[in-house]
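Overview (structure and organization)
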Amino acid sequence: VAKAAGARGRAFGLGAWWPAPVAAAIAGDEGVRARVSMALRERDLALWTLKHAAAQGLDLDRSTLAFWVGYAAAELVPLYERLKANLLASAKLAVDETPVPVLDPGRGQTKTGYFWAIARDDRPWSGTDPPAVVYTYAPGRGGEHLDKLLADYRGIVQCDGYAPYKKLPADRITVAFCWSHLRRE
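Notes on the structure in this doc start here. Everything quoted here is computed from the prediction, not taken from an experiment.

Thoughts on the layout of surface pockets
Picture a little ball the size of a water molecule; that probe, rolled over the atoms, points out where space is still empty. Taken as a whole, the largest pocket holds about 320 Å³ of empty space. Around the largest pocket, the lining residues are A73, L76, V77, L79, Y80, L83, F115, V133, V134, Y135, T136 and Y137. Where the lining of the largest pocket is concerned, the elements lending two or more residues are α6 (77-88) and β5 (132-138). With 5 residues, the top contributor of residues to the lining of the largest pocket is β5. Computed from the structure, the second largest pocket encloses a volume of approximately 260 Å³. Lining the second largest pocket, in full, are E30, R33, A34, S37, M38, R41, V69, A72, A73, E75 and L76. Only α3 (30-42) and α5 (62-75) provide two or more residues apiece to the lining of the second largest pocket. Residue contributions to the lining of the second largest pocket peak at 6 residues, all from α3. Looking at the lining of the second largest pocket residue by residue, the class counts come to 6 nonpolar, 1 polar and 4 charged.

A closer look at a nonpolar patch on the surface
There is a patch of nonpolar side chains on the surface, built from F115, V133, Y135 and Y137 and spanning about 360 Å² of accessible area. Ranked by the residues each element gives to the nonpolar patch, the list is headed by β5, at 3 residues. Among the secondary structure elements, Y137 is positioned in strand β5. With a relative accessible area of 38%, Y137 lands in the partly exposed category.

Regarding unusual backbone geometry
Non-glycine residue S126 carries a positive phi angle of around 60 degrees. Note on placement: S126 falls in the loop between β4 (109-120) and β5.

Let's talk about the environment of E144
Relative to the helices and strands, E144 is located in helix α7 (residues 143-149). For E144, a relative accessible area of 52% puts it in the exposed group. There is a polar contact of 3.4 Å between the side chain of E144 and the side chain of H145.

Calculation criteria
Residues numbered from 1 in each chain as written. Predicted model: local features only at pLDDT ≥ 70, side-chain atom pairs only at ≥ 80, totals over all residues. Heavy atoms only, no water. 1 Å grid on protein atoms, 1.4 Å probe; cavity = no way out; pocket = protein on both sides within 12 Å on 5 of 7 lines; lining within 4 Å. Points joined across faces, edges and corners; volume = space filled by probe spheres on them. Helix = DSSP H or I, 4+ residues; strand = E, 2+ residues; numbered from the N terminus. Nonpolar A, V, L, I, M, F, W, Y, C, P; charged D, E, K, R; others polar. Patch = residues over 30% accessible without salt bridge, like charges linked within 9 Å, V, L, I, M, F, W, Y side chains within 5 Å. Areas by Shrake-Rupley, 256 points an atom, 1.4 Å probe, with all protein chains shown as cover. Salt bridge = Lys/Arg side-chain N within 4 Å of Asp/Glu carboxyl O. Buried < 20%, exposed > 50% of the residue type's maximum accessible area, 1.4 Å probe, protein only. Polar contact = N/O pair within 3.5 Å; in protein donor to acceptor, adjacent residues only side chain to side chain.

Here is the structure:
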């Protein structure tokens, strides 16, 4: 193991030791990709901050770190798909969408995208399935994104009063509007 993060790395919660040898770090092995990804999420670090905290003499370009994060995300796709399939097999789900700023290359600003969340938590009713949530990105908030998300679902959907939920197919989805959103009507 080679000492790499140093005092700045420890300040960011990266620890004093990074996987070695340096050649493996430059190649971005699984351990390095995992450490970079976790540092970004757990410590809410930007790639440029992580570049300065972790490099310690190595010229790690931000694009290299971004590639490692993208590669790590791609490795998690089968886990995401399995969790999503497991949730869509549930008898009832909570569904909601939330705005997120997304880089809009060429315009020098961000645009608004949406994370659509499907969640299950049956603990209050002594359910046996573990709580879980899956987020799916969509460029908009329109009903076509909701239809795609719930294309194979049969069961109860708890949601707010947003109009596309009212258009879900009644033959396979029972809509249960949230009482706390009732005042919107």
